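Reading the structure
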Amino acid sequence: MSFPVSACRSLPVLMYHYISRYRGSIAVSPETFEAHCRGMAEAGWRGVGLDEAEAFFLEGAPLPARSALITFDDGFLDNYVYAWPILKKYGHKGVVFAVTRRLGTDGAVRPTLEDVWSGRIAATDLPPVDAPMRRDELGHEQRHDLFLSWEEARRMEASGVMAVAAHTATHHAIYAAPIFPGPGEGARVRTPRGHGNTFYIVDGPTPWGLPLFRERPAMHSQAFLPSPHLLDIVQSVVPQGDERQAHAFFQNPANVERLMARIDALSPEEMGAMESDEAREARIRSELSECAATLARELGHPVRSLCWPWGRGSDVARAEARKLGFSVFFETRMGANPPGASVAVRRFKARDKSWAWLRLRLALYSRPWLAGLYARARI
């Protein structure tokens, strides 16, 4: 297959998460993903390797026109089961931004779609990546996604098709202010409930009954720290040892009224305080250094690319990341990616739509002025 010899002026960066038949706003079915990859190959587009993209972003190294970078956030197992074989089939490369604590250490190497194509297994013998929801003892739907193992990550890298890079160690959020819903504004405190996504954990104590303070990405914002006084109130009123007991507590309106009366009587200062600048830097440094060290140990090489969870970093986080060797930073904002744009690589979300839909966006994001115009129109 031949590619145009003219230079790439803006590198489109596709953002996928799940390659799964379970429907969701950030899920693309394996069938749609294959249509995307096949359409790109037939139209002369090439999914480039992370090393090529890094050279383009850091040094302005030339890339052919109709180059694109295909990215996958979080490290879900379906990226290995479905996406990796499909990329190989059509001659593309990609990168998984892995949440390092989520990857398995058991040495597992599970079958992929390639094993189905070869006849070694039936499709029903693939890992159950299309069925992530489970019902808990209280009847709540909880999402339980399967993640890559490190051995699978190494196998993908060894193939030369899929690189693995950084998405922090935990993908946690933080409380950002002593602000939470008022009366009549819905749920006000933390109660046993279902979770439709995997990444909902907040750094710090989260007892049942704690106010649902405003949350922000941990790499983006300064953290609000609930006070020991507030935590004492919540933990003395709401049963903490058993989820069923906590659930029963919140079924009684009198219990909720008693809890909220004590919480609402507190001033913002009594609720807690913002972390210091030094504490923020230390928190971010710990998160990123763990991620960088784990990647280097498990993959056998340092990693230069870091994708911010929820697409939100900060000057503070970027400065700490640079000290650890990270030099290319990926966001979720849309826009152009000219040569040398390593500080803020823009991406657009790939949707479970046709190749015609993707073809139009690749054309837009490969042209700097059109990419900027389209991104502004979408805000």
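Residues numbered from 1 in each chain as written. Predicted model: local features only at pLDDT ≥ 70, side-chain atom pairs only at ≥ 80, totals over all residues. Heavy atoms only, no water.

1. Focus: helix α5 (residues 150–158)
What counts here: Between buried and exposed lies partly exposed: a residue is buried under 20% and exposed over 50% of the maximum accessible area for its type, with that area taken using a 1.4 Å probe on protein chains only. Each helix is a run of DSSP H or I of at least 4 residues and each strand a run of E of at least 2, with the numbering of both proceeding from the N terminus. Read the arc as the range of directions from the helix axis to the C-beta atoms. For this analysis, residues touch if any pair of their heavy atoms sits within 4.5 Å.
Among the residues making up α5, those that are buried are W150, E152, A153 and M156. Taken end-on, α5 shows its buried residues confined to a sector of 160 degrees, consistent with a single buried face. Close packing links the buried residues of α5 with α3 (77–90), β6 (94–98), β9 (162–166) and α10 (277–299). Positive backbone phi, approximately 80 degrees, marks G160, located one or two places after α5.

2. Considerations on the packing of aromatic side chains
The cut-off we apply is this: Aromatic pairing here means that ring centres of Phe, Tyr or Trp (its six-membered ring) are within 6.5 Å. Orientation follows from the plane angle: under 30 degrees is stacked, over 60 is edge-to-face, and everything else is tilted. Counting as a charge over the ring demands two things of the Lys NZ or Arg CZ atom: a distance within 6 Å of the ring centre and an angle within 35 degrees of the ring normal.
Scanning the model with the defined rule gives 18 aromatic pairs in all. Aromatic side chains Y16 and F72 sit 5.5 Å apart centroid to centroid with 25 degrees between the ring planes, which places their arrangement in the stacked category. Here the residue Y16 occupies a position in strand β1 (residues 13–16), and F72 occupies one in strand β5 (residues 67–74), the gap between them amounting to 56 residues. Y16 sits in the buried class, given a relative accessible area of 2%. Judged by centre distance (5.5 Å) and plane angle (70 degrees), the ring pair of F56 and F57 falls under edge-to-face. For the pair F56 and F57, a shared accessibility class is recorded, and that class is buried. Note that K88 overlies the ring of W84, its terminal NZ or CZ placed 3.9 Å from the centroid. When the ring centre of F329 is taken as origin, the NZ or CZ atom of R318, which lies over that ring, is 5.9 Å away.

3. With respect to the pattern of salt bridges
We count it as follows: Any carboxyl oxygen of Asp or Glu within 4 Å of a side-chain nitrogen of Lys or Arg constitutes a salt bridge here.
In total, this model carries 24 salt bridges according to the counting rule given. The closest approach of N and O atoms between R154 and E151, which form a salt bridge, is 3.0 Å. In this pair, R154 and E151 are both assigned in helix α5, 3 residues apart and thus about one turn of the helix distant. Note on R154: relative accessible area 29%, which makes it partly exposed. With its nearest N and O atoms 3.0 Å apart, the salt bridge here joins E320 to R285. Residue E320 is located in helix α11 (residues 315–323), and its partner R285 is located in helix α10; the two are separated by 35 residues in the primary sequence. With a relative accessible area of 36%, R285 lands in the partly exposed category.

4. A look at the pairing of β5
Filter applied, for reference: Any two strands are treated as partners once DSSP identifies two or more bridges connecting them.
Within β5, 8 of the 8 residues are buried, which leaves the element mostly enclosed by the surrounding structure. When strand β4 (residues 46–47) meets β5, the two strands line up parallel, connected through 2 bridges. Its bridge partner lying in β5, R46 is registered against S67. Of the strand pairs in this sheet, β5 and β6 are connected by 4 bridges, and their pairing is parallel. Considered in β6, the bridge of T71 is made with V95.

5. Side note on the environment of L58
Within the element layout of this structure, L58 appears in helix α2 (residues 50–59). On the basis of relative accessibility, which here comes to 30%, the residue L58 falls in the partly exposed class. Each C-alpha atom of the pair L58 and V328 lies 7.4 Å from the other, and the pair is 270 residues apart in sequence. If we ignore the near neighbours within four places in the chain, the residues touching L58 are R304, S327, V328 and S342.

6. Observations regarding helix α7 (residues 243–250)
Within the span of α7, buried status applies to A246, F249 and F250. The arc that holds every buried residue of α7, seen down its axis, measures 90 degrees, which confines them to one face. The elements touched by buried residues of α7 are α6 (228–237) and α8 (253–264).

7. A few points about the packing of α3 against α5
Where we set the bar: Axis angles are defined between N-to-C directions and span 0 to 180 degrees, where every axis is a line fitted to C-alpha atoms and, for a helix, only to the segment in contact. Two helices cross in a left-handed way if the nearer one is turned anticlockwise from the farther one by less than a right angle. They cross in a right-handed way if the turn is clockwise.
The geometry of α3 relative to α5 is characterised by a closest axis approach of 10 Å and an angle of 35 degrees between their N-to-C directions. Every pair of crossing elements has a handedness; the one defined by α3 and α5 is left-handed. Contact residues: α3 offers L77, N79, Y80 and W84, while α5 offers E152, R155 and M156.

8. Some details on the confidence of the model for the chain
What counts is decided by this rule: Looking at any residue, its pLDDT shows the predictor's confidence there, from 0 to 100.
Mean pLDDT over the chain: 95, with 98% of residues reaching 70 or higher. Low pLDDT (under 50) marks residues 1–5, which in the prediction has 8 contacts with non-local residues, meaning those over four places away or in another chain.

9. Here we look at the nonpolar core
Taken as a class, soluble globular proteins show a tendency for nonpolar side chains to be buried jointly. Our working definition: By nonpolar core we mean a set of buried residues, namely Ala, Val, Leu, Ile, Met, Phe, Trp, Tyr and Cys, connected to one another through side-chain atoms within 4.5 Å.
Y16, F33, F57, F72, F330, L358 and L362 are the most contacted members of the largest nonpolar core, which totals 83 residues. Counting residues per element, this core draws most heavily on α3, which supplies 9 residues. Contacts of L358, omitting those with residues within four sequence positions, involve L14, Y16, H36, M40 and F348. Within the second largest apolar cluster, 23 residues are counted, among which are V202, A246, I263 and M271.

10. Comments concerning the side chain of H195
With respect to the helices and strands, H195 occurs in the loop between β10 (173–175) and β11 (215–217). For H195, the contacting residues outside a window of four places in its chain are M133, E141, Q142, R143 and Y200.

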